[in-house]
Each structure stands twice: as structure tokens, then as C-alpha cells.
Amino acid sequence: MTDRTLADRIDALEMRLTYQDETIEALNQTVTAQWKQIDALLRQVAELSERVREAEAARPAPANEPPPHY
């Protein structure tokens, strides 16, 4: 193997490594943004569930009255 071939292979590997580093960083940023969004949505669902429970607890109980046609 000549020095030039070895140098070309090293250059190709370095370029590939750089590309992979950039790709990994972009994927990491995407995953981080998605987790932030998922966390916000989970908090929102929990809040809405609590509001539904409160609304169900606050509604008046049905009266045991006969229907109006009796």
C-alpha cells in the first residue's frame, strides 16, 4: 500500500467521521426537542385530566324525581 493510498483512505475516513458527527448532533437536537414537546404534552394531559375530575366532582348529583310525564 502506498503512502498516497493510505493518505486518501485516512482523508476519506476523516470526512466520513465529520459527516457522522454532524448527523449525530442533528439527531440529538431533534430527539431533545421531541422530548421537550412530549414532556409539555404530558403535563397538559395531566392538567386536563385533573380539570375533568374537578368538573365531575362539582356537578350536582341527579335528583331522584319522577320524569315530568308522571
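Below is a summary of the structure that appears in this document. The structure presented is a predicted model; accordingly, all values stated were derived computationally and were not measured.

**Thoughts on the overall build of the chain**
- Helix and strand counts for the chain stand at one helix and zero strands.
- Against the 2.2 N^0.38 benchmark of 11 Å for 70 residues, the chain shows a C-alpha radius of gyration of 31 Å, more extended than a compact globule.
- In terms of overall dimensions, the chain has a C-alpha envelope of 105 × 20 × 10 Å along the principal axes.
- Counting only residues that meet the buried cut, the chain has 0% of its 70 residues in that class.
- Accessible surface for the chain amounts to roughly 7,000 Å². Of this, 59% is attributable to carbon and sulfur atoms.
- Placing the 8 positive and 13 negative side-chain charges of the chain at their respective mean positions leaves the two points 3 Å apart.

**As for the pattern of salt bridges**
- Tallying each qualifying case throughout the model produces three salt bridges.
- The partner of aspartate 8 in a salt bridge is arginine 4, and the shortest N-O contact between them spans 3.4 Å. Here aspartate 8 pairs with arginine 4, and both are found in helix α1 (residues 3–58), just four residues apart, close to one helical turn.
- The class for arginine 4 is exposed, based on a relative accessible area of 57%.
- Its salt-bridge partner being arginine 53, residue glutamate 50 comes within 3.1 Å of it at the nearest N-O pair. With a gap of three residues between them, glutamate 50 and arginine 53 both fall in helix α1, about one helical turn apart.
- According to the relative accessible area criterion, glutamate 50 is partly exposed, its value standing at 37%.

**Overview of a nonpolar patch on the surface**
- A cluster of nonpolar side chains, Val31, Trp35, Ile38 and Leu42, forms an exposed patch at the surface whose accessible area comes to about 410 Å².
- Positionally, valine 31 belongs in helix α1.

**Looking at the environment of proline 68**
- Relative to the helices and strands, proline 68 resides in the segment after α1.
- Relative accessible area serves as the criterion here: at 83%, proline 68 is assigned to the exposed category.
- Each C-alpha atom, one on proline 68 and one on glutamine 37, is 51 Å from the other, the two residues being 31 residues apart in sequence.

**Looking at the environment of asparagine 64**
- Position of asparagine 64 relative to the elements: it lies in the segment after α1.
- Taking the C-alpha atoms as reference points, asparagine 64 and arginine 9, 55 residues apart in sequence, are found 86 Å from one another.

Cut-offs and rules
Residues numbered from 1 in each chain as written. Predicted model: local features only at pLDDT ≥ 70, side-chain atom pairs only at ≥ 80, totals over all residues. Heavy atoms only, no water. Helix = DSSP H or I, 4+ residues; strand = E, 2+ residues; numbered from the N terminus. Rg over C-alpha atoms; globule rule 2.2 N^0.38 Å. Buried < 20%, exposed > 50% of the residue type's maximum accessible area, 1.4 Å probe, protein only. Areas by Shrake-Rupley, 256 points an atom, 1.4 Å probe, with all protein chains shown as cover. Lys, Arg positive; Asp, Glu negative; His and termini not counted. Charge placed at Lys NZ, Arg CZ, Asp CG, Glu CD. Salt bridge = Lys/Arg side-chain N within 4 Å of Asp/Glu carboxyl O. Patch = residues over 30% accessible without salt bridge, like charges linked within 9 Å, V, L, I, M, F, W, Y side chains within 5 Å.

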